[in-house]
Amino acid sequence: MVVAAGSGVANLNLRKGKGGSSYNVMKGGDNNDGDLSIVSNNSDSECCSSSSMVEVERNPSCISFTTFNILAPIYKRIDPKNQSRRESDSRSTWLSRNQSILNSLLAESSSIMCLQEFWVGNEELVHMYEERLGDAGYHLFKLARTNNRGDGLLTAIHKEYLSVVNYRELFLNDFGDRVAQLLHVKSIAPVLQNQMGTLHQEFLIVNTHLLFPHDSSLCIVRLHQVHQILQYVELFQRENRLKPMPIILCGDWNGSKRGHVYKFLRSQGFVSSYDSANQYTDSYADSHKWVSHRNHRGNICGVDFIWLCNPNQPRKPLKTSWAEAVFSILKYQLRKASLSEDDAFKFLKGDNCGDAVTYFSFYEALRRLQDLWNQADVDGNGVIDLEEFKQKIWNSTCPEPVLESFNDCMEDGNNATEREAIGFKVKNAMLFPREVERGHWPENYSLSDHARLTAVFSPAKMRCYGSQNYS
């Protein structure tokens with residue numbers, strides 16, 4: 001079954017999934033130090049550490065995620081001499097390639113698959129994915145980009161291991177017509193037993209595809225897209241009174257470890273699963289060690305990520321991180337050169353793809369400036385003096401006391417209590433083809449212009465602090 005968004009679907013469209021199956025309860029030992037500890041037994045841990053993703057998936061205590069931009073045939077160029085020719089013009093070609101993509105996905109057999117550039121506009125291709133993934137036990141959710149772009153997102157959840165509690169769709173309604181899917185997922189098998197009974201693994205997962213940075217003026221647009229998604233996640237948690245749980249963001253982020261989006265997500269407590277599994281840092285020194293995409297310009301870069309934020313992870317308030325990220329961009333532009341009239345015009349026209357400033361784009365630009373002004377004008381006297389400029393823009397860093405647990409930023413910290421939560425530990429992460437892990441793009445790779453990224457997480461007991469659980 002494919003769950004699709006109709007033309008009249010609202011931004012807060014709610015869908016519910018089904019699932020069924022059962023496993024023996026795994027008992028977790030006591031751990032009072034607040035650190036991560038594997039819930040599963042020794043044999044499970046060894047299985048989770050296996051280098052074979054298929055072998056890992058046979059263990060119900062581990063959950064595997066695959067993200068893959070499968071390159072929609074309407075975008076795939078097939079003739080270097082004629083850029084207007086696309087793979088969508090040749091049925092046999094796109095059909096064969098997508099059959100191979102499905103073969104590779106089914107061989108990987110991840111618990112969750114997040115696909116981008118899924119050709120939602122072609123009924124034959126949709127039916128092929130629906131039939132093969134459905135027969136393999138997956139519950140499918142698809143979401144088209146707005147304005148009939150032709151492609152969109154597809155998220156597949158394996159019903160044997162996981163059930164979908166809630167499903168929401170987010171329409172960013174921006175330049176690029178980007179969308180995102182949000183799913184609240186729960187494990188079929190309980191992962192922990194304590195005095196309160198059995199606990200199931202629950203988590204939120206987002207599948208998205210950000211705007212391609214055609215020029216530097218779009219950096220703030222991509223940053224705003226991520227900000228919108230995280231705002232939506234927080235709203236979803238508050239409205240549904242959810243208990244502390246991990247958040248996983250999957251997709252094509254169209255930006256590398258050197259970019260503002262990467263730094264923004266790091267400031268929000270997220271870690272890159274591939275970097276974590278391979279013990280890479282978030283420094284520039286590691287940014288060239290792996291790639292996941294060869295773009296239409298022929299450049300290779302690492303842009304595909306599976307991000308993890310555990311419920312006990314310290315993070316800055318979202319508004320603070322957003323302001324710091326924008327100030328960082330401003331600082332970069334100021335260092336490059338004084339603001340030219342062209343740069344100012346680009347800022348004012350915002351997401352408007354035409355060569356004019358509209359009332360809406362002008363209003364939005366001023367609204368964003370007003371919010372940033374309020375944060376930069378620390379004492380609220382209506383002017384930004386040199387000290388405020390240095391503190392908030394030029395040296396825009398956040399003091400340590402602003403860091404807080406995820407739960408405290410969602411709830412009233414005055415009633416804070418210690419609680420037990422089930423998070424994730426990254427056990428393994430792999431890119432295919434394997435050459436990209438060494439920073440090389442193989443010429444004989446033809447499935448897509450993106451590599452496939454798979455990460456394996458194991459459940460982990462942790463202590464976090466906040467007010468009482470939502471019920």
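Residues numbered from 1 in each chain as written. Predicted model: local features only at pLDDT ≥ 70, side-chain atom pairs only at ≥ 80, totals over all residues. Heavy atoms only, no water.

Asks: Whenever I open this one, the overall build of the protein chain confuses me. Can you help?
Replies: When helices and strands are counted, the protein chain shows 12 helices and 19 strands. Within the protein chain, buried positions represent 53% of all 471 residues. Of the contacts made within the protein chain by residues no fewer than 6 positions apart, 75% connect residues no fewer than 24 positions apart. About 21,300 Å² of surface is accessible on the protein chain, with carbon and sulfur atoms providing 48% of the total. (Helix = DSSP H or I, 4+ residues; strand = E, 2+ residues; numbered from the N terminus. Buried < 20%, exposed > 50% of the residue type's maximum accessible area, 1.4 Å probe, protein only. Contact = heavy atoms within 4.5 Å. Areas by Shrake-Rupley, 256 points an atom, 1.4 Å probe, with all protein chains shown as cover.)

Asks: How do you make sense of the pairing of strand β15 (residues 304-309) when you look at a structure like this?
Replies: Each regular strand carries side chains that alternate between the two faces of the sheet. Burial within β15 is extensive, with six of its six residues counted as buried. Pairing of strand β11 (residues 247-252) with β15 involves six bridges; the strand directions are antiparallel. Among the inter-strand pairings, Leu249 is bridged to a residue of β15, identified as Trp307. In terms of strand pairing, strand β12 (residues 271-272) meets β15 through two bridges, oriented antiparallel. If you follow Ser272 over to β15, its bridge partner there is Trp307. (Pairing = 2+ DSSP bridges.)

Asks: Looking at this structure, how should I read the confidence of the model for the protein chain?
Replies: Low-confidence regions, as indicated by low pLDDT, have predicted coordinates that should not be scrutinised in detail. Per-residue confidence for the protein chain averages 76 on the pLDDT scale, and 62% of its residues sit at or above 70. Predicted confidence for residues 1-52 stays below pLDDT 50, and this span has 137 contacts to residues more than four positions away or in other chains. (pLDDT = per-residue confidence, 0-100.)

Asks: Can you help me understand the nonpolar core in this one?
Replies: When a protein is soluble and globular, its nonpolar side chains tend to lie buried together. One finds Phe65, Tyr129, Phe203, Ile205 and Ile248 to be the most contacted residues of the largest nonpolar core, which totals 86 residues. Considering each element in turn, this core owes the most residues, seven residues, to helix α5 (residues 219-239). (Core = buried A, V, L, I, M, F, W, Y, C linked by side-chain atoms within 4.5 Å.)

Asks: Which parts of the structure should I look at to understand the state of the cysteines?
Replies: Simply put, the disulfide is a covalent bond whose two ends are the sulfur atoms of two cysteines. Evaluated as defined, the whole model comprises zero disulfides. A disulfide-free cysteine, Cys114 has its sulfur positioned 4.1 Å from the sulfur of Cys250, the nearest such atom. Overall, Cys250 belongs to the buried group, its relative accessible area being 0%. (Disulfide = S-S within 2.5 Å.)

Asks: I keep staring at the pattern of salt bridges and nothing clicks. Help me out?
Replies: Where charged atoms from two side chains of opposite charge come close, those side chains can pair. Counted under the stated rule, the structure contains 11 salt bridges. Notably, a salt bridge pairs Asp151 with Arg145, separated by 2.9 Å at the nearest N-O pair. Each member of the pair, Asp151 as well as Arg145, carries the same accessibility label: buried. The residue Arg434 makes a salt bridge to Glu437 at a minimum N-O spacing of 2.9 Å. (Salt bridge = Lys/Arg side-chain N within 4 Å of Asp/Glu carboxyl O.)

Asks: Sorry, what's going on with the pairing of strand β4 (residues 63-69) here?
Replies: In terms of burial, β4 is largely enclosed, as seven of its seven residues are buried. Of the pairings in the sheet, the one linking β4 to strand β5 (residues 112-118) comprises five bridges and is parallel in character. When the bridges of β5 are listed, Phe68 appears paired with Leu115. Taken together, β4, helix α3 (residues 91-108) and β5 form a β-α-β motif whose crossover is right-handed. (Right-handed = clockwise from strand over helix to strand, strands pointing away.)

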